[in-house]
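Below, each chain spelled out in residue letters.
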Amino acid sequence: MSDALLTVDGLSVALPRGGDRPHAVEDISFTLAKGEILCIVGESGSGKSISASAIMGLLPKRLPAVKGSITFGGHDLLKLSKEGMRAIRGKDIAMIFQEPMTALNPIMPVGKQIAEVLEAHGEGNPASRRVRAIELLTEVGIPSPEQTVDAYPFRLSGGQRQRVMIAMALALKPSILICDEPTTALDVTTQAQILVLIRDLQQNQGTGILFVTHDFGVVAEIADRIAVMQHGKIVELGTRDAVLDNPQHPYTRKLIDAVPRLAMRKKVTVNTPPLLQIDRVSKTYWRGGLFAKKTPVHAVKEASLTLARGETLALVGESGSGKSTLARCIVRLIEPTGGTIHVDGREITGISQAEFKPLRRQIQMVFQDPFASLNPRKRVGEIIAEGPVTHGMARSEAMGKAKELLALVGLDPASISRFPHEFSGGQRQRIGLARALALEPELLIADEPVSALDVSVQAQVLKLIADMKARMNLTMLFITHDLRVASEIADRIAVMRYGEIVEMGTPMAIFGSPQHAYTRALIDAIPGVGWEGTRR
Amino acid sequence: MTLSAFFGFLGRRLLKAFAVVLGVIIVAFFIVRMAPGDPASVIAGQSGAADAQFMAQLRQQFGLDQPVLVQLWIYLKGIASLDFGFSHRVQRSVLSLIAERLPATVLLTSAAFIFSLAAGISLGAVAARRVGTVTDSAVTVLALTFYATPIFWVGLIFILVFSVWLNWLPALGMFSIGQDYTGLTAVLDVAKHLILPALTLGLFYMALYARLTRSSMLEVASQDFVRTARAKGLPEGPILRRHVLRNAILPVIGFAGVQAGQIVGGSILVETVFSWPGVGRLAFEALLARDYNLLLGVFIVTSAMAVIINLITDIVIALVDPRIEVEG
Amino acid sequence: MSGFWKRFASNKGAVIGCFIFAVVVLLAIFAPLIAPGDPWRMAGPPRTDAFDPEHWMGTDMLGRDVWATIVHGARVSLIVGGGATLAALLIGVTLGAVAGYCGGWIDDVLMRFTEFFQSIPSFILALLIVAIFQPSVGSIVTAVAIVSWPPVARVVRAEFLSLRSREFVQAAVVLGQGTTQIIFGQILPNALSPIVVLSSFMVATAILLEAALSFLGLGDPNVMSWGFMIGSGRSTIRIAWWTSVFPGVALFLTVLSLNLIGEGISDALNPRLHDRGEA
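Cut-off values and rules
- Residues numbered from 1 in each chain as written.
- Chains lettered and ligands numbered in written order.
- Predicted model: local features only at pLDDT ≥ 70, side-chain atom pairs only at ≥ 80, totals over all residues.
- Helix = DSSP H or I, 4+ residues; strand = E, 2+ residues; numbered from the N terminus.
- Contact = placed C-beta atoms within 7 Å.
- Expected span 1.5 Å × (residues − 1).
- Buried ≥ 20, exposed ≤ 12 C-beta atoms within 10 Å, placed from the backbone.
- Arc of directions from axis to C-beta.
- Pairing = 2+ DSSP bridges.
- Axes fitted to C-alpha atoms, helices over the stretch in contact; angles between N-to-C directions.
- Nonpolar A, V, L, I, M, F, W, Y, C, P; charged D, E, K, R; others polar.
- Core = buried A, V, L, I, M, F, W, Y, C linked by C-beta atoms within 7 Å.
- Parallel < 35°, antiparallel > 145°, perpendicular 65-115°, else oblique.
- Left-handed = near helix turned anticlockwise from the far one by under 90°.

### Topic: the overall build of chain C
Part 1: A count of helices and strands for chain C gives 12 helices and zero strands.
Part 2: Going from the N terminus to the C terminus, chain C shows its helices and strands as α-α-α-α-α-α-α-α-α-α-α-α.
Part 3: Of the contacts made within chain C by residues no fewer than 6 positions apart, 68% connect residues no fewer than 24 positions apart.

In structure tokens:
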């Protein structure tokens, strides 16, 4: 292509000895044109972020680029001197990163950090750089830029910090912007705003954008062209419509199929007595210590909901909405400050832990983080058998049960004597599920059980949870931030914001005629929501 | 930080400092109370020098015929009015003895504190910048060595090498005896006497801070915002100075502030070795004479000194680190 | 755990440390065989030069054999080092665990208490305790323990605080396990590594503290100590350097060996931290 801004040709990046493969990135080639958005999409470990770092010349020493070329402005970036590469970074090619919370220096005002880009490339004087920083902050939609320019990062929200990062990247009007999962750490409504900002940029300034992501929704939202990476190789490269609507490579097909669909299912009417009744439950924290002022934080405000036996309710909300706090109140990991909770007609708020212990068998929980939810010092068998043993089952019998459960969740029963670190993230979530099921609960609370998993693994675990639910006739409270996942698994959806349940209904009702403005905003913010209509 | 936020922080911090000093006095009181035998005879010491009048005075100072809490109250009131009691041995008030010796100790400990921080941070920064090289290993060995050497022994070796064998620097005292220096010569004379004790006291902590700085720098260097700085096209020099070093030394200074008490405590050993006429040396003399009233006074005053150093480092950090004001 | 031992054994410093420390332990155990007789007695003419055929480390002003004092002095160093560390661990782990597990105001109060002990001149406090309670191995161990527990409490508290909110601990609560079961079965085993690393540094610090106390004349008058020898040779350093220098070297090597071991354990436990600098 003649208008290619950037040409990557046959690039390979080596992995250190002892890795699971010799190359982190192997023989990849692509071009990026002016004003286009190329999405590199792949699961963790596919080499997508390393490709981005290679272009910036930011590869760690242990991951050297060993083959190929990266041509920009007539130069091979891989052959450029350190100083030559430095002169390009930030000026011609800029980059924004995944974690806005840690990507800014905590003890330097944000304006100064923006001005540094200008300073590094010899632009202007301190006064003019400050003026430019305020201009840039205005451009990226930061409220009251005159004040924010002197603010420290901890005063800003994640979305605002990412805007500051973008302002910094834009400072010298680079011809290429590399975005490495820039919205992954953000809430969905913030993500939508940032995506619009990036889109505008590309349209107004003609910037070529290389957008690295794992999320097909985001890809559908923003991409002009798509490169799919697996095990360090590009397995498919084409226009957005070609790749999304007519994927050629089986891996691409598998990934796209794994993305949960926004199903508009109607609720299967469940006419059973309620198993869980939550009535105006509140949780208020007090911030501040011995020598500091105390301020109340309302994590949950008078939330009420009812779960019928056999029903699955998805509790949806963004971070800080109180959804996890509410779930933890039900298992009494957190003591609510107000309201009542009844399980099977019995009030569980206000009873002692000893009285509650026999009831715990009925209510079990699956956690979010596959790496933190299993005790690293215990063997898998012990982890699963712990529950039954605690409730009086003989050890040998409990171990037998652990074996059965492992088979049930699709793992080798012989792995009872292995340690958690020997398993992958998806396998650990299966172990966590087996641990919860070992007590044969009636109510299962699943706290974001798939949000830390790659999309293909996520689909498998979701299917397993649905299978188990049907098989053991469970009632489930499923907490998630992802409306797609919620729509796939739930009979009903409850939307939470600022500690309050703002709307509750069947997926059909929620997606078809959302009543609350926030619900509408959430649905509009689902990345690639327009893609749903054309999906196969 | 806004001015009002700063004063709020200062107020909370002062309150905390006051609480620590109060705690020290209470601890001192209970150590004496828990000692075997009559507290008055414990205080008076076993030297047999105590006469009946002095014992009576002690009983009154501690209110020994009263309930324990009343005794504590009496003791606290005494300290609050700067009454640390009386040293029977030298027939002077504890306060005047300590006040006379305090400047020498303040000079020694602050010199050692500043030296240990400056040298430790520099060494650690150099090692972190050249990580994996000979320089890094040299700093590591140096730090390991001084971290493992008892400071009183270092003092003796320094005397042996620099005073006895090389005759470069004076070994004992704070001034040259018999020379009535004035003005600049007097200052230089004290400075010359100060070098060995301050080095002795500072080297151990220098080693500690060098190790801390090195690991703190390496940790900060691996953080995301350093990658951001690199992505901006910033040269390595400013990245290191503005982004890595500034963030890395905050915890080191914070730790040094908390450790200030240890440097002050170590001054007993150093002042004893070098006959430095400070509070530490006074404590050693009190120890030899079993003059526990004086020892208690030294404990309380040096604690207050440590608290003040800690307070100063906290203020310095609060001025640099914008996050402090919210954390309180 | 074989990975741990492999990494530990490949660390030169740690191996040297283990070797030196083993020698010190052997000296302490077999002291009566290696240097028979009372180390306090006059074993030869006073102020015999070092490298004398009879007394290879010389004798001091009172004719005490310096080598014999080093061999016997190893005992009190190890007893105080070990004893004070155990006692400090007991205090520190208990307070740290309670603070970290309970959180809230209990944590606040216990941590202020810990900070208090950390910020006062602990050496003077130790001095005061030993002086007032009369110098003995017991009072020295007590004093050293009282001033060395705060770092343990802080480390244990930080570990407990972070582990307590870890999901596997929450899972144990949800399963119905009791508090003791959770503390001893789930949290403590995961908090052990930093405690082990810290202990080895604490033994070193405790040995230094004992030596410093003895140096100032607050050692147990019934047992020979390196600090005492350094102190007693202090006034004659100009004419008989060996009486202070050799015990100091013994002290230095022992403390160094413990620091090397501690660092070796730490690096072997956290292999990533060690090569972070290479990136």
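Now that the structure has been shown, we can carry on.
### Quick word on the overall build of chain B
Part 1: In terms of regular secondary structure, chain B is built from 13 helices and two strands.
Part 2: Projected onto the principal axes, the alpha-carbon positions of chain B cover approximately 80 × 55 × 40 Å.
Part 3: Sequence-distant contacts, at least 24 apart, represent 71% of the contacts inside chain B between residues at least 6 apart.

### Some words on helix 14 (residues 395-408) of chain A
Residue and element names in this part refer to chain A.
Part 1: Compared with the 20 Å implied by 1.5 Å per residue over 14 residues, the 20 Å span of helix 14 between its first and last C-alpha is a close match.
Part 2: For helix 14, the set of buried residues is Ala398, Lys401, Ala402, Leu405 and Leu406. One face of helix 14 carries all of its buried residues, which in axial projection span an arc of 140°. Along helix 14, exposed side chains directed more than 90 degrees from the buried face belong to Ser396 and Glu397.
Part 3: One or two residues past the end of helix 14 sits Gly410, with phi positive at roughly 85°.

### So, the sheet that holds strand 4 (residues 65-72) of chain A
Residues and elements named next belong to chain A.
Part 1: Read across the sheet, four strands follow the order 2-1-4-5 without closing on themselves; strand pairing throughout is antiparallel. Each edge of the open sheet carries a strand with a single partner, namely strand 2 (23-33) and strand 5 (75-76).
Part 2: Sheet topology places strand 4 next to strand 5; two bridges connect them, and they run antiparallel. Residue pairing for strand 5: Thr71 is matched across the bridge by Asp76.
Part 3: In the packing of helix 1 (residues 48-56) onto the sheet, contacts are made with strand 1 (4-14), strand 2 and strand 4, and the angle to strand 2 comes to roughly 65°.

### A word on the interface of chain B and chain C
Part 1: Opposite the 43 residues of chain B that make contact, chain C presents 36 residues.
Part 2: Looking at the side of chain B that touches chain C, the elements that each hand over two or more residues are helix 1 (3-34), helix 6 (134-148), helix 7 (151-165), helix 10 (236-274), helix 11 (279-288) and helix 12 (292-320) of chain B.
Part 3: Grouping the amino acids of the side of chain B that touches chain C by side-chain chemistry returns 31 nonpolar, 12 polar and no charged.

### Quick look at the interface of chain A and chain B
Part 1: Contact residues are listed per partner, giving 27 residues for chain A and 22 residues for chain B.
Part 2: Breaking the side of chain A that touches chain B down by element, the ones donating at least two residues are helix 2 (82-88), strand 6 (93-96) and helix 3 (110-120) of chain A.
Part 3: Counting residues per element, the side of chain A that touches chain B draws most heavily on helix 3 of chain A, which supplies three residues.
Part 4: For the side of chain A that touches chain B, the per-class residue count stands at 17 nonpolar, five polar and five charged.

### Comments concerning the pairing of strand 20 (residues 500-505) of chain A
Residues and elements named next belong to chain A.
Part 1: Judged from the five bridges that link them, strand 19 (residues 492-497) and strand 20 form a sheet pairing that is antiparallel. Bridge assignment links Ile493 to a residue of strand 20, and that residue is Gly505.
Part 2: Hairpin connection from strand 19 to strand 20: two residues lie between these consecutive antiparallel strands, with Tyr498 at a positive phi of about 45°.

### Considering the sheet that holds strand 15 (residues 346-347) of chain A
Residues and elements named next belong to chain A.
Part 1: Spatially, four strands are ordered 12-11-14-15 in an open sheet, and the strand pairing comes out antiparallel. In this open sheet, the two edge strands, each paired with only one partner strand, are strand 12 (295-308) and strand 15.
Part 2: Across 10 bridges, strand 11 (residues 274-287) lies against strand 12 in antiparallel orientation. Looking at the pairing, Lys283 lines up with Val300 of strand 12.

### Overview of the environment of Pro32 of chain C
All names here are of chain C.
Part 1: Here Pro32 shows up in helix 3 (residues 31-34).
Part 2: A count of 10 C-beta atoms within 10 Å places Pro32 in the exposed class.
Part 3: Between the C-alpha atoms of Pro32 and Ile182, which are 150 residues apart in sequence, the distance is 47 Å.

### Concerning the nonpolar core
Part 1: Of all hydrophobic cores here, the largest spans 357 residues; its most connected members are Leu295 and Val298 of chain B together with Ala126, Leu127 and Val144 of chain C.
Part 2: With 18 residues, helix 8 (residues 183-221) of chain B is the single largest residue contributor to this core.
Part 3: Contacts of Val144 of chain C, omitting those with residues within four sequence positions, involve Val80, Ala84, Ala126, Ala206, Leu209 and Glu210 of chain C.

### As for the packing of helix 9 (residues 224-231) of chain B against helix 10 of chain B
Residues and elements named next belong to chain B.
Part 1: Two numbers describe how helix 9 lies on helix 10: the axes approach to 10 Å, and their chain directions differ by 150°. By the angle between their axes, helix 9 is roughly antiparallel relative to helix 10. Once helix 9 is placed against helix 10, the crossing between them reads as right-handed. Each of Phe225, Val226, Ala229 and Arg230 in helix 9 lies in contact with helix 10, whose residues at this interface are Ile239, His243 and Val244.

### Things to note about unusual backbone geometry
A negative phi holds for most residues other than glycine; trans holds for most peptide bonds.
All names here are of chain A.
Part 1: Even without a glycine there, the phi angle at Ser144 is positive, about 35°.
Part 2: Note on placement: Ser144 falls in the loop between helix 4 (126-139) and helix 5 (145-148).
Part 3: By the C-beta count within 10 Å, which is 10 here, Ser144 ends up exposed.
Part 4: Its identity as a non-glycine residue notwithstanding, Glu448 has a phi of 45°, on the positive side.

### Quick word on the pairing of strand 3 (residues 37-42) of chain A
All names here are of chain A.
Part 1: The element strand 3 is extensively covered by neighbouring structure, given that six of its six residues are classed as buried.
Part 2: With five bridges connecting them, strand 3 and strand 8 (residues 208-213) associate as parallel partners. What sits directly across from Val41, in strand 8, is Thr213.

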